[in-house]
Amino acid sequence: MAVGDVIGWVNSDDFYYPGTFHYIRHIFEQNPEIDVISGDYSFVDADGRIRSVHREVGFDRNVFLFAGKCYLANSAMFFRASLLKKHAGPREDLHYAMDYELYLRLSAEAHFLHARRILGCYRLHDDSKTVSALLQMQEETKRVQEEYLERFRATGDWMSNPLACRLMKPIAMARRILLKARGGCYFPKKPPAYALDFKRSAA
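Here we summarise the structure given alongside this text. (Residues numbered from 1 in each chain as written. Predicted model: local features only at pLDDT ≥ 70, side-chain atom pairs only at ≥ 80, totals over all residues. Heavy atoms only, no water.)

## A look at the overall build of the chain
Regarding its fold elements, the chain presents eight helices and five strands. Order of helices (α) and strands (β) in the chain, N terminus to C terminus: β-α-β-β-α-β-α-α-β-α-α-α-α. Across the 203 residues in the chain, those meeting the buried criterion constitute 46%. Restricting the contact set of the chain to residue pairs at least 6 apart, pairs at least 24 apart contribute 76%. Counting only carbon and sulfur atoms, one obtains 56% of the accessible surface of the chain, whose full area is about 11,300 Å². (Helix = DSSP H or I, 4+ residues; strand = E, 2+ residues; numbered from the N terminus. Buried < 20%, exposed > 50% of the residue type's maximum accessible area, 1.4 Å probe, protein only. Contact = heavy atoms within 4.5 Å. Areas by Shrake-Rupley, 256 points an atom, 1.4 Å probe, with all protein chains shown as cover.)

Dropping the structure here:
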C-alpha cells in the first residue's frame, strides 16, 4: 500500500527515532546508486526503556549466508520502492525469517549502505517472536539458509563443497567481529542524545 519512493518496514511493537526519515531521505538523494540503507538500532523493553544499543557493520552476504546470521533489524532498514516491487517484497510463506530471506534475495543485485546512526528500536517483550518463538525462528532461518546454500552449491564453485561451507561459518563470524571492532561498534554503549531525549519526551 506504500506509495513513496522509499519504503521502511517496521513491526507493530517497534518504532523509529525522531529525524530518521529526514536523514534517510538525504542519504538516498545524495547516493542514487544505493538501493538499501541499514542503520544501527537499540533494544528496548515493553515500556520503551533502552536496554542496549546495537551498533553494526553493513550487510555482508557471506555472514548472512554461511553463518546464518541476520544481524540487521528491519526497524532500521530502508529500501527503494522500485527494488522491492521488482522482487515482490518479503515472502508470505515465512513467519520468522522473512527479513533474512529478503536481504539474501536482494543482495544478488542491490547495493547496500550502512549508516552509523540509530534509526529505530527492536522491542523485546514476552509476546514478541524473538522471545516467545526463538526456537521456531532459528529453525526457519536454518531452512532458508539451506535453501540458499543449495543454490550456491549448484554453481560448482570450490566453496560449494559441503566441507568448505562448514569452514566458512567461523570465518564469516570472525570477519564480522573484526569489522565491528575496527569500526568501534562495541563502544561506546551509551545511547546518543536524540535517543535519550525521545525516551524522556515519551515518558
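## Looking at the pairing of strand β4 (residues 77-80)
Side-chain alternation along β4 places M77 and F79 on one buried face and F78 and R80 on a second face that is also buried. Where strand β2 (residues 36-44) lies against β4, three bridges are found, and the strand directions are antiparallel. Counterpart to I37 in the pairing with β4 is F78. (Pairing = 2+ DSSP bridges.)

## Looking at the side chain of D60
Considering the arrangement of structural elements, one finds D60 in the loop between β3 (50-54) and α2 (61-67). In this structure the side chain of D60 is engaged in a polar contact, spanning 3.0 Å, whose partner is the backbone nitrogen of N62. One polar contact links D60 to R175, side chain to side chain, over a distance of 2.7 Å. Not counting residues up to four positions away in its chain, the partners in contact with D60 are Y71, R175 and L179. (Polar contact = N/O pair within 3.5 Å; in protein donor to acceptor, adjacent residues only side chain to side chain.)

## Let's talk about the pattern of salt bridges
Side chains that differ in sign of charge can pair as their charged atoms come close. Under the definition given, this model contains 13 salt bridges. Its salt-bridge partner being R105, residue E101 comes within 2.8 Å of it at the nearest N-O pair. In this pair, E101 and R105 both sit in helix α4 (residues 98-106), four residues apart, roughly one turn of the helix. In this structure, E101 and R105 share a single accessibility class: buried. Here the residues in one salt-bridge network are R91, D93, E101, R105, E147 and R151, joined through shared partners. (Salt bridge = Lys/Arg side-chain N within 4 Å of Asp/Glu carboxyl O.)

## Some points on the packing of aromatic side chains
The final tally for this structure, using the stated rule, is 13 aromatic pairs. Arranged with centres 5.1 Å apart and planes meeting at 65 degrees, the rings of F64 and Y71 form a pair that is edge-to-face. For the pair shown, F64 and Y71 are each scored as buried. One Lys or Arg, R117, reaches over the ring of Y23 and ends 5.0 Å from the middle of that ring. (Phe/Tyr/Trp six-rings, centres within 6.5 Å; stacked < 30°, edge-to-face > 60°. Lys NZ or Arg CZ within 6 Å of the ring centre and 35° of its normal.)

## Overview of the environment of P18
Assignment of secondary structure puts P18 in the loop between β1 (6-8) and α1 (20-30). Look at P18 and you get partly exposed, because its relative accessible area is 44%. Counting along the chain gives 102 residues from P18 to G120, while the straight-line C-alpha distance between them is 8.9 Å.

## A closer look at unusual backbone geometry
Residue A88 is not a glycine yet carries a positive backbone phi of 70 degrees. Structurally, A88 is set in the loop between α3 (81-86) and α4. By relative accessible area, which is 66% here, A88 ends up exposed.

## Digging into the nonpolar core
Looking at soluble globular proteins, one finds that nonpolar side chains tend to be buried together. In this structure, V36, F64, F66, F79 and L106 are the most contacted members of the largest nonpolar core, which totals 35 residues. For this core, the secondary structure elements donating two or more residues are α2, β4, α3, α4, α6 (134-153) and α7 (162-182). If one sorts the elements of this core by residue count, α4 sits on top with six residues. Residues I34, F43, A115 and L119 belong to the second largest nonpolar core, which totals 13 residues. (Core = buried A, V, L, I, M, F, W, Y, C linked by side-chain atoms within 4.5 Å.)

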